[in-house]
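# Fold and geometry: a report
So you can see what is in the structure, the chains are spelled out below.
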Amino acid sequence: MSLAQTLIGRARAYHPPLESVLFGLSMLGILDVAHLLIQQGRVFGGGCLGGEALDSGASVFDCAAVAAGAENALLGVANTTWGLGFYAGVAGLTGIILWGGPRLRTWMHGVRTGVLTGGLLYSGYLTYLQVGPLETLCLLCLGAALITTFLFAGQVAVFSFSPTSTLGSMSTPLAKRQIALFVYFTAVAVVLIGADLVYLDGMSARAQQSGSASAPSGAAPPAQCELDDSKTPVENQGASLVNFQDITEGSTEAGVTVVEYFDPNCPHCKDFHQVMKQVVEAHRDEVRFVYKPFPLRRSSLPEIQALYVAAQSDKFSEMLEAQYARQGPNGISKKDLRAIADEIGLNPDVLDKRVEQNEYRDQVLRQRKRAVKIGVDSTPTVLVNGHFLESRSQECLNTFIEQAKSGTLGGTASG
């Protein structure tokens, strides 16, 4: 018997155990991509998986940076959408293969082999981008690549091992068992996705309550102004963080540098901006203020690029305040950016074109990667002469600036 005849014979036969494993893996893939989508919506709070214990690995795993990267879509469709379609398609093909007739099974095995081969190659390409150009990893993306590899290995196993079952129709008891198993896998996936949504929504609500409790509107400043001792200060008083592409205000000759990492879609950044405005006004002639956008999600990239375009026309502050004013759960639309440009005296067509060309994307992602390596894991994050701040009230910022001017910054100061 020729190799082709052998493969066709194995494709026509039933392989209930293998097909059950492949269906289960496809459900696991759907869970992985669904969690990635949920985490994108939650701006990857608590790391890639949503567990705060994983924050210590932030320098290795940065799902937000990978998800916001230039290769986050194929043919204009997001990779997450492709991923859901891919795993759902494999699950559907598996059901047809298991319950269809011999001729249909043969054809569906061919289709599934092609789908899995394409998925494996694309997963390999995305993994290469993480290890190579991006130099940062997405744990969930690597998990999807591993699941795809196992699926492909399972398809190879179908053609490699002789089936133990017959070529005839599936017996009624076996059909019932397989249907029950597939329904169970699907139900578990649906329940876990629902639980994932509920859990992360609860985490988000608790975080907001915690933020409100720790910094209530109009509350008195804390008795102590504290640095964040859990993070190592940046060497050379943070001078290595500043480059000619940065958006700056204040004195370029100053010996004190205040760096703010922010996301225009971050509600806490919007609140802190009012504090920052007061501090800048008070110390403009003696301090250099550096604004570093830190995208928490892909939808922030167009807004951040618009900030850089506006900065070239000395309209950064106007653009940022207009973006904060329109802040919403889904970011700002292209229409809103055009409206802002018109309001602040920029040419909307020019802004639109430059944002579409992604002139600043690579710069922003490189900056984000560098920030993660030094310990930035949330927004707003503020450093004074390389020291991370725990306390960010106006009074504390003034205190830290005065300490930096006198060379005594590095401990706890009375507020």
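Residues numbered from 1 in each chain as written. Predicted model: local features only at pLDDT ≥ 70, side-chain atom pairs only at ≥ 80, totals over all residues. Heavy atoms only, no water.

Turning next to the state of the cysteines. In protein structure, a disulfide is the covalent linkage between the sulfur atoms of two cysteines. Summed over all chains, the structure comprises one disulfide. Two residues, Cys 225 and Cys 396, share a disulfide whose sulfurs are 2.0 Å apart. Its S-S torsion of approximately -80° makes the covalent link between Cys 225 and Cys 396 left-handed. Residue Cys 225 is found in strand β3 (residues 224–225), and its partner Cys 396 is found in helix α14 (residues 394–406); the two are separated by 171 residues along the sequence. (Disulfide = S-S within 2.5 Å. Helix = DSSP H or I, 4+ residues; strand = E, 2+ residues; numbered from the N terminus.)

Another point: helix α4 (residues 79–99). The end-to-end C-alpha distance of α4, which contains 21 residues, comes to 30 Å, matching closely the 30 Å that a straight helix rising 1.5 Å per residue would cover. Where α4 is concerned, the buried positions are Asn 79, Thr 80, Gly 83, Phe 86, Tyr 87, Val 90, Ala 91, Leu 93, Thr 94, Gly 95, Ile 97 and Leu 98. (Expected span 1.5 Å × (residues − 1). Buried < 20%, exposed > 50% of the residue type's maximum accessible area, 1.4 Å probe, protein only.)

Should their charged atoms come close, side chains of opposite charge can pair. All chains considered together, the criterion is met by 13 salt bridges. Among the ionic pairs, Glu 286 bridges to Lys 405, the shortest N-O distance being 2.8 Å. You can see Glu 286 sitting in the loop between α8 (267–283) and β6 (288–293) and its partner Lys 405 sitting in helix α14, a full 119 residues away along the chain. With a closest N to O distance of 3.1 Å, Glu 359 and Arg 354 form a salt bridge. Looking at Arg 354, the relative accessible area reads 18%, which means it is buried. In this structure, a network of salt bridges that share partners links the residues Glu 249, Glu 281 and Arg 284. (Salt bridge = Lys/Arg side-chain N within 4 Å of Asp/Glu carboxyl O.)

We now examine unusual backbone geometry. Here the bond from Thr 379 into Pro 380 is cis, since omega is -5°, no more than 30 degrees from zero. Along the chain, Pro 380 turns up in the loop between α13 (361–374) and β7 (381–384). For Asp 314, which is not glycine, the phi dihedral falls at a positive 60°. Take Asp 314: it is sitting in the loop between α9 (300–311) and α10 (316–325). In this structure, Asn 358 is a non-glycine residue whose phi angle is positive, near 55°. Turning to its location among the elements, Asn 358 is positioned in the loop between α12 (348–356) and α13. Given the relative accessible area of 31%, Asn 358 is considered partly exposed.

The full count for this structure, using the stated rule, is eight aromatic pairs. Arranged with centres 5.2 Å apart and planes meeting at 20°, the rings of Tyr 308 and Tyr 360 form a pair that is stacked. With Tyr 308 in helix α9 and Tyr 360 in the loop between α12 and α13, the pair connects residues that are 52 residues apart, well separated along the chain. No difference in accessibility class separates Tyr 308 from Tyr 360, as the two residues are buried. Aromatic ring contacts, followed pair by pair, group Phe 23, Phe 182, Tyr 184 and Phe 185 into a single cluster. When the ring centre of Phe 294 is taken as reference, the NZ or CZ atom of Arg 368 above it lies at 4.3 Å. (Phe/Tyr/Trp six-rings, centres within 6.5 Å; stacked < 30°, edge-to-face > 60°. Lys NZ or Arg CZ within 6 Å of the ring centre and 35° of its normal.)

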